[in-house]
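What follows is the residue order along each chain.
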Amino acid sequence: MEIAMVCTRVNLLILILSLCSPYKFIQSPMDFGPLNLLPTTTTASSDFGRILFHAPSAVLKPQAPRDISLLLSFLSASPLGKVTVAARGAGHSIHGQAQALDGIVVEMSSLPSEIEFHRGGEGDVSYADVSGGTMWIELLEQSLKLGLAPRSWTDYLYLTIGGTLSNAGISGQTFKHGPQISNVLQLEVVTGRGVIVTCSPTKDAELFNAVRGGLGQFGIITRARILLQEAPQKVKWVRAFYDDFGTFTKDQELLVSLPDLVDYVEGFIVLNEQSLHSSSIAFPANVNFNPDFGTKNSPKIYYCIEFAVHDYQNKNINVEQVVEVISRQMSHIVSHLYSVEVSYFDFLNRVRMEEMSLRNSGLWEVHHPWLNMFVPRAGINDFRDLLMDSISPDNFEGLILIYPLLRHKWDTNTSVVLPDSGSTDPVMYAVGILRSANPDDGCSHHCLQELLHHHRCLAATAATNLGAKQYLAHHPSPVGWHRHFGGWWERFAERKTRFDPLSILGPGQGIFPKGSYGAAYGSYS
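Residues numbered from 1 in each chain as written. Predicted model: local features only at pLDDT ≥ 70, side-chain atom pairs only at ≥ 80, totals over all residues. Heavy atoms only, no water.

The name recorded for the protein chain in an unreviewed UniProt entry is cytokinin dehydrogenase, from Leersia perrieri. Turning to the protein chain, the UniProt annotation filed under Subunit (unreviewed entry) states: "Monomer." (UniProt positions renumbered as here; feature names shortened; annotations may be inferred.)

Next comes the structure, spelled out in structure tokens:
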């Protein structure tokens, strides 16, 4: 065993030398003892955004957390500390966050998709222990067989557990249960030093807090214990339309104030016929809403709230009456409230239908210059005005989500950055500008760069004037990241120094550039 380990370390040293060389030696699979390193692939150098394409020198497909530990422990102890490592889940990032230029990409989907369930008895909680490389859709499918399901979701389920927990994980359930990082009981993490740690709120809590929303900077999540609840059989899915933004947000805030009745709340802007049609693909009801969108010089904008009520058919609850009680308190456009009953699985997996439609039209694998923001409630009207000034409603392709979150559902000990402005206000908003840019429709490189520039300007103005913060953030320089974290920068930097002192992990984020930023405590002006 000792001889095998010595051989492995010698092989890893050869690997480091090859990676630090200007020449790429890894042209075919290389067996470094227990580590099977592969040459770079198109997948490892791309993501959903299709904006940046940074090729690594090698790809690791781990069969167990120990493989990741062995790699990181050797890199952290190596005097040739130039090599970086990025964990890649489903590759759904936008700006190359899971890429590692000339480094090593760890394909987390290679970890065995092991799921172990624990059903709690009276007064005890139910949970699932699941690999960090497992997708949420897999956990949903398996948990539903037991009549259970996680409480908090993302809109799109073909994302990995470790990936969303490294950001936050939000959707229409967040107002009620908090983000996904507030619904995890325990994590197994491989730190930047290569140490495998099982952490929780009561054991190695600093690491537990750091990696939740930590953007992959402190460790790689290899296993998670996810809180479960009883799953409903069906869902009553409701949509209501508005022609006034203030009324739209007022009704959204009404809905999130009714957590005993409402289980999901989101909303979106209806800019044009395309946005109305694309948002209706997964909604299996006859929506007879045919608004006048005005003219190019004088557009008319509409808004849609969607909310859902769980239907536990084994409980004596009349869901139709619940929806009636709720809708009587709303101020939507008269006669434009629509509802449909769907299975719980189909409701949670609703974006998949939209994905398949886009794939069939050749519109899925295009550029996605998305921007996601957390906006204080006091600034949401001004943000809406900024947004409308930066886009052309008649030719906007994509979806703009706007929905409220409740601040007290977020654990401030995690690494997620929330708006400082109005921090005593219980409500803030999530805004997702989910835009598509298709080269085949004339959006060339110049067009894409213009869209990205507009988003940077919008984000900067909203941050400066409204106190907004980016979610799934992208900043082109460490200076931008320092401003993003603001008063939380020192804590974030301290965590980096403690858990990944050589800045091996998460190079694609650009927070701690390796070499040019040796000390995490650096100060930016």
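Student: Explain the domain arrangement of the protein chain residue by residue, including any values.
Tutor: Considered domain by domain, the protein chain is made up of domain 1 (115-230) and domain 2 (234-470). Distance between the C-alpha centres of domain 1 and domain 2: 25 Å. At the interface, 33 residues of domain 1 touch 36 residues of domain 2. Roughly 2700 Å² of surface becomes buried between domain 1 and domain 2 when both sides are summed, with 58% attributable to carbon and sulfur atoms. Area buried by domain 1 at its contact with domain 2 is led by D155, F175 and K176, which between them contribute 27% of it. Put simply, domain 1 and domain 2 have four salt bridges between them. Ionic pairing is found between D263 and K176, a salt bridge with its closest N-O pair at 2.6 Å. For the interface between domain 1 and domain 2, the tally reads 15 residue pairs in polar contact (both at pLDDT 80 or more). Counting only elements with at least two residues in the side of domain 1 that touches domain 2, the list comes to helix 3 (136-144), strand 8 (148-150), helix 5 (174-177), helix 6 (205-211) and strand 11 (219-230). A breakdown of the residues in the side of domain 1 that touches domain 2 according to their chemical character gives 16 nonpolar, twelve polar and five charged. (Domains from an automatic or database assignment. Contact = heavy atoms within 4.5 Å. Buried area = accessible area lost by both parts, 1.4 Å probe. Salt bridge = Lys/Arg side-chain N within 4 Å of Asp/Glu carboxyl O. Polar contact = N/O pair within 3.5 Å; in protein donor to acceptor, adjacent residues only side chain to side chain. Helix = DSSP H or I, 4+ residues; strand = E, 2+ residues; numbered from the N terminus. Nonpolar A, V, L, I, M, F, W, Y, C, P; charged D, E, K, R; others polar.)

Student: An account of the nonpolar core is requested, with residue identities and associated values reported.
Tutor: L165, L187, I226, F374 and W410 are the most contacted members of the largest nonpolar core, which has 83 residues in total. Here W410 is in contact with A168, I170, T174, P179, S182, F374, L405, V416, L418 and M428, once residues within four sequence places are set aside. If you look at the next biggest cluster of nonpolar residues, it comprises 45 residues, including Y242, I305, F383 and A459. (Core = buried A, V, L, I, M, F, W, Y, C linked by side-chain atoms within 4.5 Å. Buried < 20%, exposed > 50% of the residue type's maximum accessible area, 1.4 Å probe, protein only.)

Student: Before we move on, can you summarise unusual backbone geometry with the specific residues and values?
Tutor: Phi is positive for D102, close to 60 degrees, though the residue is something other than glycine. By the secondary structure assignment, D102 is in the loop between strand 4 (85-88) and strand 5 (104-107). Since its relative accessible area comes to 37%, D102 is described here as partly exposed. A positive phi angle, near 70 degrees, is found at S335, a position not held by glycine. The class of S335 is exposed, set by a relative accessible area of 60%.

Student: Would you mind going over helix 2 (residues 65-77) in detail, with residue names and values included?
Tutor: Given a rise of 1.5 Å per residue, 13 residues ought to cover 18 Å, and the 18 Å separating the end C-alpha atoms of helix 2 matches this to within 8%. All buried positions along helix 2 are accounted for by D67, I68, S69, L70, L71, L72, F74 and L75. (Expected span 1.5 Å × (residues − 1).)

Student: Explain the pairing of strand 18 (residues 427-435) residue by residue, including any values.
Tutor: Of all nine residues in strand 18, nine are buried; the element is thus mostly enclosed. Side chains V427, Y429, V431, I433 and R435 project from strand 18 onto one buried face, and the interleaved M428, A430, G432 and L434 project onto a second face that is buried too. Relative to strand 18, strand 16 (residues 371-376) runs antiparallel, the two being bridged by six bridges. Each bridged residue has a counterpart across the sheet, and for F374 the counterpart in strand 18 is A430. Bridge count between strand 17 (residues 398-406) and strand 18: nine bridges; the pairing is antiparallel. By the bridge assignment, G398 is partnered in strand 18 with R435. (Pairing = 2+ DSSP bridges.)

Student: An account of helix 3 is requested, with residue identities and associated values reported.
Tutor: If you check which residues of helix 3 are buried, you get W136, I137, L139, L140 and S143. Summarising the axial view, the buried residues of helix 3 lie within an arc of 160 degrees, below the 170-degree limit, and thus occupy one face. Elements that come into contact with the buried residues of helix 3 comprise strand 6 (115-118), strand 7 (126-131), strand 8, helix 4 (161-165), strand 11 and helix 10 (344-348). (Arc of directions from axis to C-beta.)

Student: Outline the pairing of strand 16, listing residues and values.
Tutor: Most of strand 16 sits out of view: six of its six residues are buried. Burial along strand 16 is two-sided: L371, M373 and V375 facing one way and N372, F374 and P376 facing the other are all buried. Where strand 16 and strand 19 (residues 469-471) come together, three bridges link them in antiparallel fashion. Paired with F374 across the strands is K469, a residue of strand 19.

Student: Give a detailed account of the packing of aromatic side chains, specifying residues and quantitative values.
Tutor: In this structure the tally under the stated criterion is 25 aromatic pairs. Ring centres 5.8 Å apart and planes at 40 degrees place the aromatic pair F245 and F248 in the tilted group. Linking F245 with F248, this pair stays in helix 7 (residues 245-256), spanning three residues, or about one helical turn. Taken individually, F245 and F248 each receive the classification buried, so the pair is uniform in this respect. Both rings, one in F374 and one in W410, keep their centres 5.5 Å apart while their planes meet at 75 degrees; by these two values the pair is edge-to-face. Separated by 36 residues along the polypeptide, F374 in strand 16 and W410 in the loop between strand 17 and strand 18 bring together distant segments of the chain. You'll find F374 and W410 in the same group, each marked buried. Feature note: the residues F218, W481, F485, W489, F492 and F512 constitute an aromatic cluster, connected by ring pairs. (Phe/Tyr/Trp six-rings, centres within 6.5 Å; stacked < 30°, edge-to-face > 60°.)

Student: An account of the pattern of salt bridges is requested, with residue identities and associated values reported.
Tutor: Enumeration over the complete set of coordinates arrives at 19 salt bridges. Across the salt bridge formed by R88 and E107, the nearest N and O atoms sit 3.9 Å from each other. Of this pair, R88 sits in strand 4 while E107 sits in strand 5; the two residues are 19 residues apart in sequence, bridging distant segments of the chain. The pair formed by R88 and E107 is uniform in burial state, with each residue classed as buried. Linking D385 and R384 is a salt bridge whose minimum nitrogen-to-oxygen distance equals 3.4 Å. Here the salt bridges share partners, and the residues they tie into one network are R352, E355, R359 and E365.

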